[in-house]
Every structure is written in C-alpha cells, then in structure tokens.
Amino acid sequence: GAVVSQHPSWVICKSGTSVKIECRSLDFQATTMFWYRQFPKQSLMLMATSNEGSKATYEQGVEKDKFLINHASLTLSTLTVTSAHPEDSSFYICSASLTEQTLYGYTFGSGTRLTVV
Amino acid sequence: DAKTTQPNSMESNEEEPVHLPCNHSTISGTDYIHWYRQLPSQGPEYVIHGLTSNVNNRMASLAIAEDRKSSTLILHRATLRDAAVYYCILSSVPAEVQKLVFGQGTRLTINP
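Residues numbered from 1 in each chain as written. Chains lettered and ligands numbered in written order. Predicted model: local features only at pLDDT ≥ 70, side-chain atom pairs only at ≥ 80, totals over all residues. Heavy atoms only, no water.

**Student:** It is not clear to me how the overall build of chain B should be interpreted in this structure. Could you clarify?
**Tutor:** When helices and strands are counted, chain B shows 0 helices and 9 strands. When the helices and strands of chain B are placed in sequence order, the string is β-β-β-β-β-β-β-β-β. Taking 112 residues into account, the globule formula puts the C-alpha radius of gyration at 13 Å, and chain B, at 13 Å, falls close to it. Here chain B holds 112 residues, and the buried ones make up 46% of them. Sequence-distant contacts in chain B: of pairs separated by 6 or more residues, those separated by 24 or more amount to 57%. Treating the 9 positive side-chain charges of chain B as one cloud and the 11 negative ones as another, the clouds have centres 3 Å apart. (Helix = DSSP H or I, 4+ residues; strand = E, 2+ residues; numbered from the N terminus. Rg over C-alpha atoms; globule rule 2.2 N^0.38 Å. Buried < 20%, exposed > 50% of the residue type's maximum accessible area, 1.4 Å probe, protein only. Contact = heavy atoms within 4.5 Å. Lys, Arg positive; Asp, Glu negative; His and termini not counted. Charge placed at Lys NZ, Arg CZ, Asp CG, Glu CD.)

Here it is, written out as structure tokens:
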C-alpha cells in the first residue's frame, strides 16, 4: 500500500531557530499533501494544503510566513517552522493522496514531535 | 464541511465486539463516511469508508443507517492494539483531492 515517510520523528530546537520537516511519498506520486498540527489531548488541526508546483493554501489563522511549505516534487513536501518558539511545540503530521486514491484512504506520516526550548 | 458527532470516550473488553457510533445529520448525498484511527504517538491510519451500503474489510465493518444520518464502526473482536482514538469524517466525492477535517473523535480503551 501507499507509504508516507516523515522525517525527523522528533526534534528539539532552541527558541528562535528554524526547523524543517520532510514528508515523502515512497511508492506513489502525491499531487496533494496536507500538513496537520496536534497539541496534546487534542485532535488534528489542518494547517495547510500543499500542491506540487504551486503555492500552499493555508487554513485561517495559520501564519504562512512562519510555517513555510514547499512541494517541489511529486514525492516531497517540506514544512519549515521559522523562528520557532515554545508555543510551536507540537506534533506535526503530513498526509498525502492521489486524486484516484482519495476514495481509498489518505495516507499519513508517522508524525514529527517538535519541542522548542 | 459537514460535521460529525462522536462520544468522547468508550471502553470495552478484549475479545468482545465494539460498536463506535457517529452522527452526521447534515450529511449530503455525495458525502462518503470515512473512519480513521490514531494510535498513541502515531499518525492516523485509514480504517474503512462507505457511501450507502454496509462495508466490511479485514479491520472492521461499517454499518450505515438507511437515512445516512448516522453510522457505526464495528470492531468484531477487540484486541489491546485497537486502543486508539477513532475519527469519523465526511468527505464528498472529489473532482480534486479534498482535505480531511478531523473532529474530536472517540478515545477507545480496551480492558484486558
């Protein structure tokens, strides 16, 4: 089945630095990828939709200049948290799908736990 | 996005069936009912989906009410590994890939 690889699985960074999270579709080409954020004991919150070769579409309230998304190829999307602060500490999850796959399930990465100290 | 309502938590015993309900009274004719689950510290995984008819796969069964305003995910014989948060999500048949919007889900606890 379709596999999405997310890296790193966890990262600790200092306040003010930037962190890049990668999301790769291993055995299929993902025309669209989604980025979610999840705080402890809460549900997943959609941050943005990433389409290959075009600008990402951000959900209301998500700062596009802080959470930079690049989807330069059909198998790779990256999320960069710029100038990270402790309140950005969260579990970040990506998801990918082909149009044809939509009815058969979206595939999620295993998540990246970001801790900003 | 059409909204779903699920109980916050449920508890069951190992090797017993589990019925997880979901209400979606504002569902539209083109909305599919999807179920995903999230194990601790992992990304969600697809469980099952359906439109009108009941569906079965190796993981679970999905029973859809005749008026489609509710559905039930059935785990026929729960194991400890089924302890997770289960999300019921509606998504319409897309011309393009559509985003999945997660509600609060049901936290399922399985007792040994």
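**Student:** How should I be thinking about the nonpolar core in this particular structure?
**Tutor:** Within soluble globular proteins, side chains that are nonpolar tend to cluster in buried spots. If you look at the biggest cluster of nonpolar residues, it comprises 24 residues, and the most contacted ones within it are A:Trp35, A:Phe67, A:Leu79, A:Tyr92 and A:Leu114. Among the secondary structure elements, those contributing two or more residues to this core are strand S2 (10-13), strand S3 (19-25), strand S4 (32-38), strand S5 (45-51), strand S7 (67-73), strand S8 (76-81), strand S9 (90-97) and strand S11 (112-116) of chain A. Discounting chain neighbours no more than four positions away, the residues touching A:Tyr92 are A:Gln6, A:Ile21, A:Tyr36, A:Arg37, A:Met47, A:Phe67, A:Leu79, A:Gly111, A:Thr112 and A:Leu114. Residues B:Val18, B:Leu20, B:Ala60 and B:Ala84 belong to the second largest nonpolar core, which totals 21 residues. (Core = buried A, V, L, I, M, F, W, Y, C linked by side-chain atoms within 4.5 Å.)

**Student:** I tried to follow the pairing of S7(A) on my own but got confused; where do I start?
**Tutor:** Regular strands place their side chains on alternate faces of the sheet. Here S7(A) pairs with S8(A) via 5 bridges, running antiparallel. Pairing of A:Ser73 across the sheet is with A:Leu76, part of S8(A). (Pairing = 2+ DSSP bridges.)

**Student:** Looking at this structure, how should I read the sheet that holds S3(A)?
**Tutor:** Paired through their backbone hydrogen bonds, the strands of a sheet run either parallel or antiparallel. All names here are of chain A. Spatially, 4 strands are ordered S1-S3-S8-S7 in an open sheet, and the strand pairing comes out antiparallel. Two strands in the sheet have a free side with no partner beyond their single neighbour: strand S1 (4-7) and S7. Looking at each pair of strands side by side, their axes are set apart by 15° on average, direction ignored. Of the pairings in the sheet, the one linking S3 to S8 comprises 6 bridges and is antiparallel in character. By the bridge assignment, Val-19 is partnered in S8 with Val-81. (Axes fitted to C-alpha atoms, helices over the stretch in contact; angles between N-to-C directions.)

**Student:** What should I look at first to understand the confidence of the model for chain A in this one?
**Tutor:** Detailed reading of the predicted coordinates is not advisable wherever pLDDT is low. Summary statistics for chain A give a mean pLDDT of 91 and a share of 93% for residues scoring 70 or more. At the level of individual helices and strands, chain A shows its lowest average pLDDT in strand S10 (residues 107-108) of chain A, which scores 90, and its highest in S11(A), which scores 98. (pLDDT = per-residue confidence, 0-100.)

**Student:** Sorry, what's going on with the environment of B:Gln98 here?
**Tutor:** Along the chain, B:Gln98 turns up in the loop between strand S8 (84-92) and strand S9 (106-111). Taking the C-alpha atoms as reference points, B:Gln98 and B:Val18, 80 residues apart in sequence, are found 30 Å from one another. Contact partners of B:Gln98, with chain neighbours within four places excluded, come to A:Phe34, A:Tyr106, B:Ser91 and B:Ser92.

**Student:** So what exactly am I meant to see when it comes to the interface of chain A and chain B here?
**Tutor:** Reports of interface size often rely on the accessible area that becomes lost once the parts have come together. Counting residues at the interface gives 24 residues for chain A and 20 residues for chain B. Both faces combined, the contact of chain A with chain B buries some 1800 Å², and carbon together with sulfur accounts for 60% of it. Run the count over chain A and chain B and you get 1 salt bridge. Here B:Lys99 ties to A:Glu59 by a salt bridge, and the two come within 3.1 Å at their closest N and O atoms. Applying the counting criterion to the chain A and chain B interface returns 5 residue pairs in polar contact (both at pLDDT 80 or more). Breaking the side of chain A that touches chain B down by element, the ones donating at least two residues are S4, S5 and S9 of chain A. Counting residues per element, the side of chain A that touches chain B draws most heavily on S4(A), which supplies 4 residues. (Buried area = accessible area lost by both parts, 1.4 Å probe. Salt bridge = Lys/Arg side-chain N within 4 Å of Asp/Glu carboxyl O. Polar contact = N/O pair within 3.5 Å; in protein donor to acceptor, adjacent residues only side chain to side chain.)

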